[in-house]
Amino acid sequence: MTDTDHLVMWLREAMDAATQRAEAAATETSSAEWEYQERGTLNITSPPGFVVAAVDYLDPAPGKFMADNDPAAVLRRIAANRKLLDDLLGEKHQVVEGDCWYTCAAAAEERDGGETCDDSRLGKPCDCGRDARVARRVLLLAEGWGWSEGEQR
Ligand SMILES: [Zn+2]
């Protein structure tokens, strides 16, 4: 298993845990959508009236921030991040039509639509840059989820 594979597992677990927390918060308050009320409360939007929390700070910023990060917003971001992760992982290795000699060493017929005809490279690590790009992008995505070098992989 590669470092990227471990990172993908970590990311999917983090997304699953965040999904559970957002869904539990929505269930507990009976709504995924919350709005900040000028009188200093965070309320569900439908049906109106239920108070999620009193957020009566001097400045409305904390209350507005909480409303901006209600369960519906969190679940939207998680869904988009899952699609982004799948999109990143779906990138194919380079296949050079017409001159398979230059096709990536890691390209596979089934996955990428071709493979190198250079038997000395066939099945060796990626030499088209795809794996490095995917690793870098998955790492950037994971950092947004709180992953750091100190995390266990
Ligand atoms: Zn490659």
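Quantities reported herein were computed from a predicted structural model and do not represent experimental measurements. (Residues numbered from 1 in each chain as written. Predicted model: local features only at pLDDT ≥ 70, side-chain atom pairs only at ≥ 80, totals over all residues. Heavy atoms only, no water.)

A. Quick look at the coordination of the zinc ion. Every protein donor of the zinc ion is listed here as H93 (ND1), C104 (SG), C126 (SG) and C128 (SG), and their distances to the metal cover 2.1 to 2.3 Å. Note that the zinc ion binds four donor atoms; their angles at the metal cover 104 to 118°, and the shape is tetrahedral. One chain supplies every donor for the zinc ion, spaced along it as H-x10-C-x21-C-x1-C. Remark: C128 occurs in the loop between α4 (109-112) and α5 (130-144) and H93 occurs in the loop between α3 (71-89) and α4; sequence separation between them is 35 residues. As far as the burial class goes, H93 and C128 line up, both buried. (Donors = N, O, S within 2.8 Å, 3.2 Å for Na, K, Ca; no water. Tetrahedral: all angles 85-135°; square planar, octahedral: opposite > 155°, others 65-115°. Helix = DSSP H or I, 4+ residues; strand = E, 2+ residues; numbered from the N terminus. Buried < 20%, exposed > 50% of the residue type's maximum accessible area, 1.4 Å probe, protein only.)

B. Representation of the packing of helix α1 (residues 3-29) against α3. Between α1 and α3, the shortest axis-to-axis distance is 9 Å and the interhelical angle comes to 160°. Looking at the two axes, α1 sits roughly antiparallel to α3. Here the hand of the crossing between α1 and α3 comes out left-handed. For the pair formed by α1 and α3, the contact residues are V8, L11, R12, M15, D16, A18, T19, A22, E23, A25 and A26 on the first element and P71, V74, L75, I78, N81, R82, L85, D86 and L89 on the second. Among the residues making up the contact of α1 with α3, the classes are represented as 13 nonpolar, two polar and five charged. (Axes fitted to C-alpha atoms, helices over the stretch in contact; angles between N-to-C directions. Parallel < 35°, antiparallel > 145°, perpendicular 65-115°, else oblique. Left-handed = near helix turned anticlockwise from the far one by under 90°. Contact = heavy atoms within 4.5 Å. Nonpolar A, V, L, I, M, F, W, Y, C, P; charged D, E, K, R; others polar.)

C. Inspection of the pattern of salt bridges at higher detail. Applying the stated criterion across every chain, the model contains eight salt bridges. In this structure, R133 and E91 form a salt bridge, with 2.6 Å as the shortest nitrogen-oxygen distance. Taken together, the residues span a long stretch of sequence, with R133 in helix α5 and E91 in the loop between α3 and α4 at a distance of 42 residues. Classification of R133 as partly exposed rests on a relative accessible area of 26%. (Salt bridge = Lys/Arg side-chain N within 4 Å of Asp/Glu carboxyl O.)

D. Focus on the confidence of the model for the protein. For the protein, per-residue confidence averages 95 on the pLDDT scale, and residues scoring 70 or more make up 98% of the total. Per-residue pLDDT, averaged within each element of the protein, yields its smallest value for strand β3 (residues 51-54) (93) and its largest for α3 (98). (pLDDT = per-residue confidence, 0-100.)

E. Examining the layout of surface pockets more closely. Taken as a whole, the largest pocket spans an internal volume of roughly 160 Å³. Every residue along the wall of the largest pocket is listed here: T2, T4, D5, V8, L89, R130, D131, V134 and A135. Of all the elements in the fold, those that place two or more residues in the lining of the largest pocket are α1 and α5. With four residues, the single largest contributor to the lining of the largest pocket is α5. Grouping the constituent residues of the lining of the largest pocket by class yields four nonpolar, two polar and three charged. A domain split of the lining of the largest pocket shows at least three residues from each of domain 1 (1-89) and domain 2 (92-143). (1 Å grid on protein atoms, 1.4 Å probe; cavity = no way out; pocket = protein on both sides within 12 Å on 5 of 7 lines; lining within 4 Å. Points joined across faces, edges and corners; volume = space filled by probe spheres on them. Domains from an automatic or database assignment.)

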